[in-house]
Amino acid sequence: MNSITTIGVKEIKSVASAPGKVLWIGSYSVVFGGIGHVIAVNKRVHAECNISNENLFETSYGIFKGRGNELIESVLNQFRVMYGNIPKFHVKLINDPEFIINGRKSGLGSSSAATVALTACIFSLLSGGNNPDEVHKIAQRANYERQKGIGSGFDVASAVYGSIIYRRFTNLEKMDYYVKPLRINKELVMAFIGESFDTVSSVAEFVKKKEDPRFKEIMSMIEEENKFAIELIEKGRLEEAVEHVRLARNMLMNLATEVVNVKIENDFTRKLEEIAEREGAIFSLSPGAGGESVVAIGDNLERVKEAWGKIKGVSVITLKEDEGLKFEA
């Protein structure tokens, strides 16, 4: 266990930010060790921290004194394990507005981005350094324990490293994850339909079926298509890759409905996907765990934005691919 002294550092301020994400390759399969590709987007969570006489946490979800919310405490607990006694903090943890639309989470990964931004901010204060790899490991442990082992950590990895190929760790202590930077350099537009999706519960239903022979068979086929797609993207052949993504996606839909008995898309999201591809998108899908939004990928998506913007109940958000964690002060 390391020790820490706070003498002389009270006035030091640390500032960091981390991006949201769009998981378009590896939905659900990434939880079971499958390969995935996640795009970091330019909607960010910003953290500002300094050592204080009392714990005060100002967030987009309210102000907490003495003790933070579950996310904040999961991060602080990791530093308590590392350092034993830690100082008190004044923290500002603020989301860009697109993470919450009409009071609902838009599915861009605010929790993972907040976990990384806060971890980076406190790590910088306590260690005096900026080490993205260490921040990633600490944030992954906080996220894993908060979610009680459900999930893969792809969103945390993207919040640190940006757009990446990702395979989850098999062991929390070893952190034997695979991360490789890979940008697609395309436009993205998101249509949020106003419904937040319970990702953890949906993933939990998939986990219940993981030993089912049919589940394993379909997941294996999904993995092969996803691997082909990523190999093609690395070679600059995005439009060819999309055909493999589409095949994998169709198999995932069949797995969800026929084996897991979970609905990860609906008539509305499928309609939005069809409109986007008709209006020129290379590909469109309901990303991540599905159900709450649709993302279109392509070049010059103005017609997609215009068509989606005419549909009642849809909030249209323009996204750009972004870098990962930023230490700003």
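Structure first, text after, so check above.
Residues numbered from 1 in each chain as written. Predicted model: local features only at pLDDT ≥ 70, side-chain atom pairs only at ≥ 80, totals over all residues. Heavy atoms only, no water.

(A) View of the layout of surface pockets. Of the volumes computed, that of the largest pocket is approximately 700 Å³. Around the largest pocket, the lining is made up of 38 residues, and of these Lys21, Gln147, Asp155, Thr199 and Val200 lie nearest the centre. Where the lining of the largest pocket is concerned, the elements lending two or more residues are strand 1 (13–25), helix 2 (110–127), helix 4 (154–161), helix 5 (199–208) and strand 12 (293–298). Tallied by class, the residues present in the lining of the largest pocket amount to 16 nonpolar, 17 polar and five charged. (1 Å grid on protein atoms, 1.4 Å probe; cavity = no way out; pocket = protein on both sides within 12 Å on 5 of 7 lines; lining within 4 Å. Points joined across faces, edges and corners; volume = space filled by probe spheres on them. Helix = DSSP H or I, 4+ residues; strand = E, 2+ residues; numbered from the N terminus. Nonpolar A, V, L, I, M, F, W, Y, C, P; charged D, E, K, R; others polar.)

(B) Looking closely at unusual backbone geometry. With a phi angle near 50 degrees, Met175 is a residue other than glycine that sits in the positive phi range. Tracing the chain through its elements places Met175 in the loop between strand 8 (164–167) and strand 9 (178–181). For Asn261, which is not glycine, the phi dihedral falls at a positive 65 degrees. On the basis of relative accessibility, which here comes to 67%, the residue Asn261 falls in the exposed class. (Buried < 20%, exposed > 50% of the residue type's maximum accessible area, 1.4 Å probe, protein only.)

(C) Seen up close, the environment of Asn69. With respect to the secondary-structure elements, Asn69 resides in the loop between strand 4 (62–65) and helix 1 (70–83). When the C-alpha atoms of Asn69 and Thr59 are compared, they prove to be 9.5 Å apart, with ten residues separating the residues in sequence.

(D) The arrangement of the side chain of Thr115 in detail. By the secondary structure assignment, Thr115 is in helix 2. With relative accessibility at 0%, the residue Thr115 sits in the buried group. Looking at Thr115, its side chain comes within polar contact range of the main-chain oxygen of Ser111, at 2.7 Å. When neighbours within four sequence positions are excluded, Thr115 is seen to be in contact with Leu71, Val75, Ala139, Ala142 and Arg146. (Polar contact = N/O pair within 3.5 Å; in protein donor to acceptor, adjacent residues only side chain to side chain. Contact = heavy atoms within 4.5 Å.)

(E) Main features of the environment of Gly36. Positionally, Gly36 belongs in strand 2 (residues 36–52). You can call Gly36 buried: its relative accessible area is 2%. Sequence separation between Gly36 and Lys174 is 138 residues, and the spatial gap between their C-alpha atoms is 20 Å. In this view, Gly36 contacts Ile25, Gly26, Ile164, Ile165, Tyr166 and Ile230; residues no more than four positions away in its chain are not counted.

(F) Molecular detail of the pairing of strand 12. With respect to burial, strand 12 is a largely interior element, six of its six residues being buried. Side-chain alternation along strand 12 places Ser293, Val295 and Ile297 on one buried face and Val294, Ala296 and Gly298 on a second face that is also buried. The pairing of strand 10 (residues 187–192) with strand 12 spans six bridges and is classified as antiparallel. When the sheet's bridge partners are listed, Ala191 is paired in strand 12 with Val294. Bridge count for strand 11 (residues 283–285) against strand 12 is three bridges, and the pairing is antiparallel. Within the sheet, the bridge partner assigned to Phe283 lies in strand 12 and is Ile297. (Pairing = 2+ DSSP bridges.)

(G) Molecular detail of the sheet that holds strand 10. Pairing within the open sheet is antiparallel, and its four strands lie in the order 11-12-10-13. With partners counted over all chains shown, the strands left at the sheet margins are strand 11 and strand 13 (315–319), one partner each. Taking each pair of neighbouring strands and ignoring which way they run, the sheet shows an average axis angle of 15 degrees. The sheet contact formed by strand 10 and strand 13 spans five bridges and is antiparallel. Bridge pairing in strand 13 places Val189 opposite Thr318. (Axes fitted to C-alpha atoms, helices over the stretch in contact; angles between N-to-C directions.)

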